[in-house]
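Coordinate inspection notes
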Amino acid sequence: MLGEGIAKGLAETARNFFGSYVSKERLTTVQFPEERLPQPEAARDFPFLVYDGPDWQAGLRCVGCQICEKECPPKCIYIEKSKDKKPDALGKPQFYPAVFNIDISVCMSCQICVEVCPFEAIKMDTEFELSTDDRFGGLLWDKSQLAKSNEHYNKIHPTEAAEVDARLAEEKAKAEAKAKAAVQAAAQAAAKAAEAKASPAPPSAPPSGSAPSDSAPSGSAAPSAPATSSSSSTVAKND
Amino acid sequence: MSATATGSTATGPTAIRPTATPEIATQEIAGKAAAAGDNPGELLEISLGPHHPSTHGVFRMDVSLDGERIVKLKPVFGYLHRNHEKIAETASYLAAMPYTDRLDYMCSLSNNWAYALSVEKLAGLQVPERAEYIRVITAELTRLQNHASTIGFLIQEMGASGTPLMYAFREREKILDLFESLSGSRMMCNYMRFGGCRVELPAGWLDEVRKVVAEFPRFLDEFERLLAGNEILMARTQGVGVLSKELAIQGGITGPILRASGVNYDIRKVDKYGIYDRFDFKVPIGAHGDVYDRYMIRMLEMRESVKILEQALRDIPSGPIMDPKSKIRGFRPKAGEAYGRIESPKGELGFYLISDGSPNPYRYRVRPPSLINLTVLEDMCRGYNLADTVVIFGTIDIVLGEVDR
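Every chain begins its residue count from 1, and numbering advances along the sequence as written. Throughout, the order in which chains and ligands are written sets their labels, letters from A for the former and numbers from 1 for the latter. Totals for whole chains, interfaces and linings use all residues, but because this is a predicted model, local features are given only for residues with pLDDT of at least 70 and pairs of side-chain atoms are given and counted only at 80 or more. Neither water nor hydrogens contribute to the side-chain values; these are computed over all heavy atoms in the structure.

**Overview of the overall build of chain A**
The condition that has to hold: Each helix is a run of H or I in the DSSP string that is no shorter than four residues. Each strand is a run of E no shorter than two, and both are numbered from the N terminus. Here's how the labels work: a residue is buried when its accessible area is under 20% of the maximum for its type, exposed when over 50%, partly exposed in between, all with a 1.4 Å probe on protein chains only. Contacts between residues were defined by any pair of non-hydrogen atoms, one from each residue, lying within 4.5 Å. With residues, only the protein chains shown are counted as cover, and all accessible areas are computed by Shrake-Rupley using a 1.4 Å probe.
Along the backbone of chain A there are eight helices and eight strands. Burial statistics for chain A: of 239 residues in total, 33% are counted as buried. Sequence separation of 24 or more characterises 68% of the internal contacts of chain A that already satisfy a separation of 6 or more. Per element, the accessible surface of chain A, about 14,600 Å² overall, is 57% carbon and sulfur.

**Looking at the nonpolar core**
Filter applied, for reference: Put simply, buried Ala, Val, Leu, Ile, Met, Phe, Trp, Tyr and Cys residues joined by side-chain atoms within 4.5 Å make one nonpolar core.
Grouped together as the largest cluster of nonpolar side chains are 140 residues, with contacts concentrated most on A:Phe100, B:Tyr115, B:Ile137, B:Leu141, B:Phe194 and B:Leu377. At twelve residues, helix α5 (residues 129-157) of chain B tops the list of elements feeding residues into this core. Setting aside its immediate chain neighbours within four residues, A:Phe100 contacts A:Leu49, A:Cys62, A:Cys68, A:Ile77, A:Tyr78, A:Ile79, A:Ile122, A:Trp141, A:Asp142, A:Lys143 and A:Leu146. Among the nonpolar cores identified, the runner-up in size contains six residues, and A:Phe48, A:Tyr153, A:Ile156 and A:Ala161 belong to it.

**Overview of the sheet that holds strand β8 (residues 347-355) of chain B**
All names here are of chain B. How we decide: A pair of strands counts as paired when DSSP detects no fewer than two bridges linking them. Where helices are involved, their axes are fitted lines through C-alpha atoms of the stretch in contact, as for all axes, and angles between N-to-C directions lie from 0 to 180°.
Spatially, the three strands line up as an open sheet ordered β7-β8-β9, and their pairing is antiparallel. Two strands lie at the open edges of the sheet, namely β7 (336-344) and β9 (363-367), each paired on one side alone. Strand-to-strand twist of the sheet, defined as the mean angle between neighbouring strand axes without regard to direction, takes the value 10 degrees. Two elements, β7 and β8, share nine bridges in a ladder whose sense is antiparallel. Bridge assignment links Glu337 to a residue of β8, and that residue is Ile354. In this fold helix α4 (residues 108-123) packs onto β7, β8 and β9, with an angle of close to 150 degrees to the strand it touches most, β7.

**Observations concerning the confidence of the model for chain A**
Residues and elements named next belong to chain A. Definition in use: Each residue gets a pLDDT score, which is the predictor's confidence in that residue and runs from 0 to 100.
Here chain A averages 77 in pLDDT, and 81% of its residues register 70 or above. Mean pLDDT across the secondary structure elements of chain A bottoms out at helix α8 (residues 232-236), with 39, and peaks at strand β6 (residues 122-124), with 90. Taken as a whole, residues 203-239 scores under 50 in pLDDT and shows 29 contacts with residues more than four places along the chain or in a different chain.

**A short note on the sheet that holds strand β1 (residues 47-51) of chain A**
Residue and element names in this part refer to chain A. Pairing within the open sheet is mixed, and its three strands lie in the order β6-β1-β8. Looking at strand neighbours, the two that pair on one side only are β6 and β8 (147-149), the edges of this open sheet. Between one strand and the next, the sheet's axes are offset by a mean angle of 55 degrees, whatever the strand orientation. In this sheet, β8 lies alongside β1 in parallel orientation, the contact comprising three bridges. Across the sheet, the residue bridging to Val50 is Lys148, located in β8.

**Notes on the packing of α5(B) against helix α15 (residues 386-396) of chain B**
Residues and elements named next belong to chain B. Inclusion rule: For classification, angles of less than 35 degrees are called roughly parallel, those exceeding 145 degrees roughly antiparallel, those between 65 and 115 degrees roughly perpendicular, and all remaining angles oblique. Put simply, Ala, Val, Leu, Ile, Met, Phe, Trp, Tyr, Cys and Pro go in the nonpolar bin, Asp, Glu, Lys and Arg in the charged bin, and everything else, Gly too, in the polar bin.
Two elements in contact, α5 and α15, have axes whose closest approach is 9 Å; the angle formed by their N-to-C orientations is 180 degrees. Here α5 is positioned roughly antiparallel relative to α15, judged by the angle of their axes. Between α5, through Thr150, Leu154 and Glu157, and α15, the contact on the second element is made entirely by Val390, Val391, Gly394 and Thr395. Here the contact of α5 with α15 is composed, by residue class, of three nonpolar, three polar and one charged.

**What to know about the side chain of B:Arg259**
Along the chain, B:Arg259 falls in helix α10 (residues 256-260). Accessibility expressed as a relative area gives 0% for B:Arg259, which makes it buried.

**Considering the interface of chain A and chain B**
Put simply, the rule reads: In this description, buried area is defined as the sum, over both parts, of the accessible area (probe of 1.4 Å) that is lost when the two are combined. Note on definitions: salt bridges are taken to be side-chain nitrogens of Lys or Arg within 4 Å of carboxyl oxygens of Asp or Glu. Two N or O atoms form a polar contact when they lie within 3.5 Å of each other; inside protein one atom must be a possible hydrogen donor and the other a possible acceptor, and for residues adjacent in sequence the pair counts only when both atoms belong to side chains.
Taken residue by residue, the interface counts 30 residues in chain A and 31 residues in chain B. Between chain A and chain B, a total of about 2,400 Å² is buried, with carbon and sulfur atoms accounting for 51% of that surface. Of all residues in chain A, A:Arg44, A:Met108 and A:Glu115 bury the most surface against chain B, accounting for 22% of the area lost on that side. The tally of links between chain A and chain B comes to two salt bridges. For A:Glu115, the salt bridge is made with B:Arg193, and the minimal N-O distance between the two is 2.7 Å. Between chain A and chain B we count 13 residue pairs in polar contact (both at pLDDT 80 or more) in total. Broken down by secondary-structure element, the contributors of at least two residues to the side of chain A that touches chain B are α1 (4-22), α3 (67-71) and α4 (112-116) of chain A. Considering each element in turn, the side of chain A that touches chain B owes the most residues, nine residues, to α1(A). Broken down by class, the residue content of the side of chain A that touches chain B amounts to 14 nonpolar, seven polar and nine charged.

**Brief notes about the packing of aromatic side chains**
Aromatic rings in a pair are described by how distant their centres are and how their planes are angled relative to each other. All names here are of chain B. Operational definition: Two rings from Phe, Tyr or Trp (for Trp, the six-membered ring) form a pair when their centres sit within 6.5 Å of each other. Planes less than 30 degrees apart are called stacked, planes more than 60 degrees apart edge-to-face, and all others tilted. When the NZ atom of lysine or the CZ atom of arginine is within 6 Å of a ring's centre and also within 35 degrees of its normal, the charge is said to sit over that ring.
In the structure shown here, the tally under the stated rule is 21 aromatic pairs over all chains. With centroids separated by 5.2 Å and ring planes inclined at 70 degrees, the aromatic side chains of Tyr273 and Tyr276 adopt a geometry described as edge-to-face. The structure contains a cluster of three or more aromatic residues connected by ring pairs, namely Tyr93, Tyr115, Phe194, Phe331, Phe351 and Tyr364. Cation over ring: Arg268 sits above Tyr276, and NZ or CZ is 6.0 Å from the ring centre. Its guanidinium or amino end placed over the ring of Phe281, Lys269 lies 4.1 Å from that ring's centre, counting from NZ or CZ.

**Quick look at unusual backbone geometry**
Note: most peptide bonds trans; most residues except glycine with negative phi. Residues and elements named next belong to chain A. Phi is positive for Ser109, which is not a glycine, with a value near 60 degrees. Here Ser109 shows up in the loop between β5 (97-103) and α4. The exposure class of Ser109 is buried, given its relative accessible area of 15%. Even without being a glycine, Glu120 presents a positive backbone phi close to 55 degrees. Note on placement: Glu120 falls in the loop between α4 and β6. Classification of Glu120 as buried rests on a relative accessible area of 12%.

**Observations regarding the pattern of salt bridges**
Residue and element names in this part refer to chain B. Throughout the structure, instances matching the rule amount to 43 salt bridges over all chains. Taking the shortest distance from any N to any O, the salt bridge between Glu200 and Arg130 comes out at 2.8 Å. Placement of the pair is Glu200 in the loop between β6 (196-197) and α7 (205-227) and Arg130 in helix α5, with a sequence separation of 70 residues.

**Focus: the environment of A:Cys107**
Residue and element names in this part refer to chain A. Here Cys107 is to be found in the loop between β5 and α4. Looking at Cys107, the relative accessible area reads 13%, which means it is buried. Between the C-alpha atom of Cys107 and that of Pro74, which follows or precedes it by 33 residues, the distance is 6.6 Å. Residue contacts for Cys107: discarding those within four places in its chain leaves Phe46, Pro47 and Cys76.

**Describing the environment of A:Asp84**
Residues and elements named next belong to chain A. Mapping Asp84 onto the fold places it in the loop between β2 (77-81) and β3 (86-87). Take Asp84: its relative accessible area is 38%, and that puts it in the partly exposed class. Sequence spacing of Asp84 and Arg15 is 69 residues, and the spatial spacing of their C-alpha atoms is 71 Å. In this structure Asp84 touches Gln94, Phe95 and Tyr96, once residues within four positions along its chain are discounted. For Asp84, the side chain forms a polar contact with the side chain of Tyr96, separated by 3.0 Å.

Structure, rendered in structure tokens:
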């Protein structure tokens, strides 16, 4: 019979239409601005810079190494490295980005900057309502706009942030242990030198290597200080 | 819209059927000769697009009509050209990966896989077992959502505004939600890496996939109830836009269009790339090569994809997801060349790479199924009505991001 197929199809449409009044499964739309679906944890749109502690300028993890700038596919990142150094979270003096700009209108949210960053300094945000009527400056973000706290990162990507924090804590502990060992080694060497006594003191050149693990045989560390809590910062200051 | 009158071609438009020899050039010459007045017929030249709602993206067709019938059809594209290949040659291998998402933006995970496959061939990387399964699962989910939306659009173009498309998009949305919770982005996934995948699956993700895959056949049944035996559908699709087997092979056509014309060629079976030799699935083959066959092939392929997904979800092992030899920064494959190809939802998607040992490819070439499948559009449309053109064009299933690159 002509029209049978059409009638069958319309019956299916009717089933969906009336079903939408009783079954949530058939009513899949969400009234967006009022009603919002939660974003999945992996959601990403634009990058931000992570900082530790209360002060964003002091706690910025970024050291201005410019790897993300180089690897960014659409080249939306612009970094100027600082001339001087500031101590980072581990107390080690590091460069910092004097200028760090991201052109959000160019960024394509690919997450490659996050993958290549060796310092866990840049992460993806989930904020998406960013429209602006400022044509030039509105979407060119500098580091004051990009800096967001580690707590924010923990809030938007809890699982990933917990992993990152654990890894950073481990690295910090390792660095501290290393510094401690260096102090101990230096102290032992100094004590040995004092014990020997016969030979005159070696020329006390300051240890030039940046790595604090170099057990400097000089008498810079007093033999009377066998590795107390004056661990990392005093040694690291040498370079 | 400009209308200019020229003479009709030497061959009468009603007699024209799709033939194995495309004769665009000779026809144009014949058309000019006929303009002198030895043929009384008048052709109406109209320009369909680039912002016509039924063209998929910014695509234009210069159509010559004799009454309602297509005499000549010239695809005009390039509006979406983004210099993809040259950008990839100036950037590192990794930096091209997010650009591949934007080729065929309906199926970014398939594109990722094709590119990763060719770089893995070039660099000799081994993909771990679990990553191979993840790739199969994501690629088949991509095929489901691509075919669902293609069919939805196709029916929409036949005049069924809304309903079938919305049903298809409802299902597509479920799959895109899976992609978002996996990779962070619904469409621009950027998920695969050379030698594996970027991140481990989120907790509970496989169970969500199992749920979606288990429900998917219900959508297919519903869609068939909605449309099977529909008289209008039959009238609009059967015997329309026939592509002969010979022309399909000569034109280098791949994918569902080729199989609808009766050629048994599926790269998943021919190449058995990845781990496709482990799955039990059939390749649907059409008999007539018309619009209806191309529609049905996609419906049947979705059922086969569900089968593959069920097997992959059953067998997926645990283990690492990245080759330990692979590295993100400072990736320099040794000098050489490689061509990796996969059966993307639209056809054979291949990446040809030449490396000279530097961090960026010396040559980077995409073999886009959309562009090559588009070349037979004129042969499929000639002799049919203008309204059929839109439907025939819809069955090719092109994405302009991939055509123009």
